Structures are given as structure tokens and as C-alpha cells.
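# Per-entry structural report
So the chains spell out like this:
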Amino acid sequence: MSDTFADADVHWMRHALELARCAAEEGEVPVGAVLVREGEILGEGWNRPIIRHDPSAHAEIQALRDAGRRVGNYRLPGSILYVTLEPCVMCAGAIVHARVAQVIYGAPDPKAGACGSVFDLLPSDGRFNHRTEVRGGLLAEDCGEVLRAFFRARRTRPASVQAATA
């Protein structure tokens, strides 16, 4: 599912990777997302379900919420969402409702991906009232390494530290 990507796409995915690192610093699974329209940031976010006590606080949802507040509308046509990990079913639904034009993700998610890895909601499911173009594999190795390093570090921490952060 890899494509040729423009320099601007690489720039925005690197920004999303920095946001993923913010999540890791907070002890969250390191996923970052930035929503862009016409070269300008509309919204950004990183995973925060643990800190927010909110199972919907995924990076994509955080970026969509941020954009909605900034723009004053939940509909975000013409926007591109850059996310370091393939969106899940919940996030795919929010992306459709927000009318995001395109999703560009880094690493595939073989356990919960909804853009072709496990489910194929974006763009294949033609039953939705909006279709979102999807391209995956941008900086996939870098995005995957951020996740692998996070989980590797969690596995090597003493059990007492793991229990305190669970």
C-alpha cells in the first residue's frame, strides 16, 4: 500500500512523529496525528486515553477535536490527516463524519487497522456518505520503530514500575 509521497507529506509525517513522542513521554502508546489543509495545521494530537481516562482519546480524535475547535465546525473538508499508525475502526468513523479528504498513515496496524490491515473502511466501504482517500506506508519504518521502542522499554521495566503506571 506504499506510494510515492511529496516532500510536504514527509514534512507533516515527521511532525506527527514528534507528536507521537509526546505521547511516549506521557506513558501513552506513541501515536501522533496532525490535520492539515492548504499547508496549514488545523489540529494536532497524540494518544491520551490513559491521562484523560477516555477510551476515545486516540491521536486522530484529539487532532479532529482540536481542528473542530479552531475552525468552529466539525466538518473539515479538503483536509489531510497524517497519522503515525493506521487508524482503528473508531477513528475511521470519526474521519468519515468529519469529511476528511485524505488519510496518510505511517505504520500498518495488523491488530486493529481499519484502512486495509484488518478492516477496510477507508475508502473501500462505499456505503458511507463520504469517501476518504487513504495512502499508507509513509515513513513506516520510523513510525513502527517509535512503537517498538516504546513497547520494548515497557517490557524491560521492573514489575513494580509497570504496576504503578498501569
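Treat the numbers as computed from the prediction; the structure is a model and nothing was measured.

### Remarks on the layout of surface pockets
Of the volumes computed, that of the largest pocket is approximately 450 Å³. Every residue lining the largest pocket is counted, 20 residues in all, and those nearest its centre are Val29, Leu85, Asp109, Leu147 and Phe151. When residues of the lining of the largest pocket are assigned to their parent elements, the largest contribution, four residues, is made by helix H5 (residues 140-156). Residues that form the lining of the largest pocket fall into these classes: twelve nonpolar, three polar and five charged.

### Some remarks on the UniProt feature "active site" (unreviewed entry) in the protein
Mapped onto this numbering, the UniProt entry annotates "active site" (unreviewed entry) at Glu60. Within the secondary structure, Glu60 sits in helix H3 (residues 59-71).

### Some points on the sheet that holds strand E4 (residues 102-107)
Spatial strand order, E2-E1-E3-E4-E5: five strands in an open sheet with mixed pairing. At either end of the open sheet lies a strand with only one pairing partner, and these are strand E2 (40-46) and strand E5 (133-136). Between one strand and the next, the sheet's axes are offset by a mean angle of 15°, whatever the strand orientation. In terms of strand pairing, strand E1 (residues 32-37) meets strand E3 (residues 80-85) through four bridges, oriented antiparallel. By the bridge assignment, Val34 is partnered in E3 with Tyr82. Of the strands in this sheet, E1, E2, E3, E4 and E5 touch helix H1 (residues 7-25), which is tilted by about 145° from E1.

### A word on the state of the cysteines
Scanning all chains against the criterion turns up zero disulfides. Note on Cys22: no disulfide assigned, nearest cysteine sulfur contributed by Cys143 at a separation of 14 Å. Classification of Cys22 by relative accessible area gives partly exposed; the value is 27%. Residue Cys143 stays outside any disulfide, its sulfur separated by 14 Å from that of Cys115, the closest cysteine. Cys143 sits in the buried class, given a relative accessible area of 1%.

### Quick notes on helix H4 (residues 89-97)
Those residues of H4 not exposed but buried are Cys91, Ala92, Ile95 and Val96. Viewed end-on, H4 has its buried residues packed into an arc of 140°, placing them on one side of the element. Those residues of H4 hidden inside the fold are in contact with H3, E3 and E4. Phi turns positive one or two residues past the end of H4, at Arg99, with a value near 65°.

### Quick look at the UniProt feature "binding site: Zn(2+)" (unreviewed entry) in the protein
According to UniProt, the "binding site: Zn(2+)" (unreviewed entry) feature falls on His58, Cys88 and Cys91. These annotated residues cover 34 residues of sequence, and their C-alpha atoms all fall within 9.3 Å of one another, placing them together at a single site. In the annotated set above, the residues contributing to the lining of the largest pocket are His58 and Cys88. A relative accessible area of 21% means that His58 is categorised as partly exposed. Tracing the chain through its elements places Cys88 in the loop between E3 and H4. Residue contacts for Cys88: discarding those within four places in its chain leaves His58, Glu60, Ala112 and Ala114.

Criteria and cut-off values
- Position labels on residues start from 1 in each chain and follow its written sequence.
- Reporting of local features is limited, given that this is a predicted model, to residues whose pLDDT is at least 70; pairs of side-chain atoms are given and counted only at 80 or more, and all residues count toward the totals for whole chains, interfaces and linings.
- Note: side-chain values were computed over all heavy atoms of the structure, leaving out hydrogens and water.
- Buriedness for pockets is judged along seven lines, at least five of which must meet protein on both sides within 12 Å for an open set on the 1 Å grid over protein atoms alone, while cavities are sets there where a 1.4 Å probe fits but cannot get out, and lining residues have an atom within 4 Å of a point.
- Grid points are joined across faces, edges and corners, and a volume is the space filled by probe spheres set on the points.
- Strands are runs of DSSP state E lasting at least two residues, helices are runs of H or I lasting at least four, and both sets are numbered from the N terminus onward.
- The nonpolar class holds Ala, Val, Leu, Ile, Met, Phe, Trp, Tyr, Cys and Pro. Asp, Glu, Lys and Arg form the charged class, and all remaining residues, Gly among them, are polar.
- UniProt positions are given in the numbering used here, feature names are shortened, and annotations may be inferred rather than shown by experiment.
- Two strands qualify as a pair provided DSSP detects at least 2 bridges between them.
- A fitted line through C-alpha atoms serves as each axis, taken over the contacting stretch for helices, and the angle formed by two N-to-C directions is quoted from 0 to 180°.
- Contact definition: two residues touch when any of their heavy atoms are within 4.5 Å.
- Here, two cysteine sulfur atoms that lie within 2.5 Å of each other are counted as a disulfide.
- Note on classification: 1.4 Å probe, protein chains only; a residue is buried when its accessible area is under 20% of the maximum for its type, exposed when over 50%, partly exposed between these limits.
- Here the arc refers to the set of directions running from the helix axis out to each C-beta atom.

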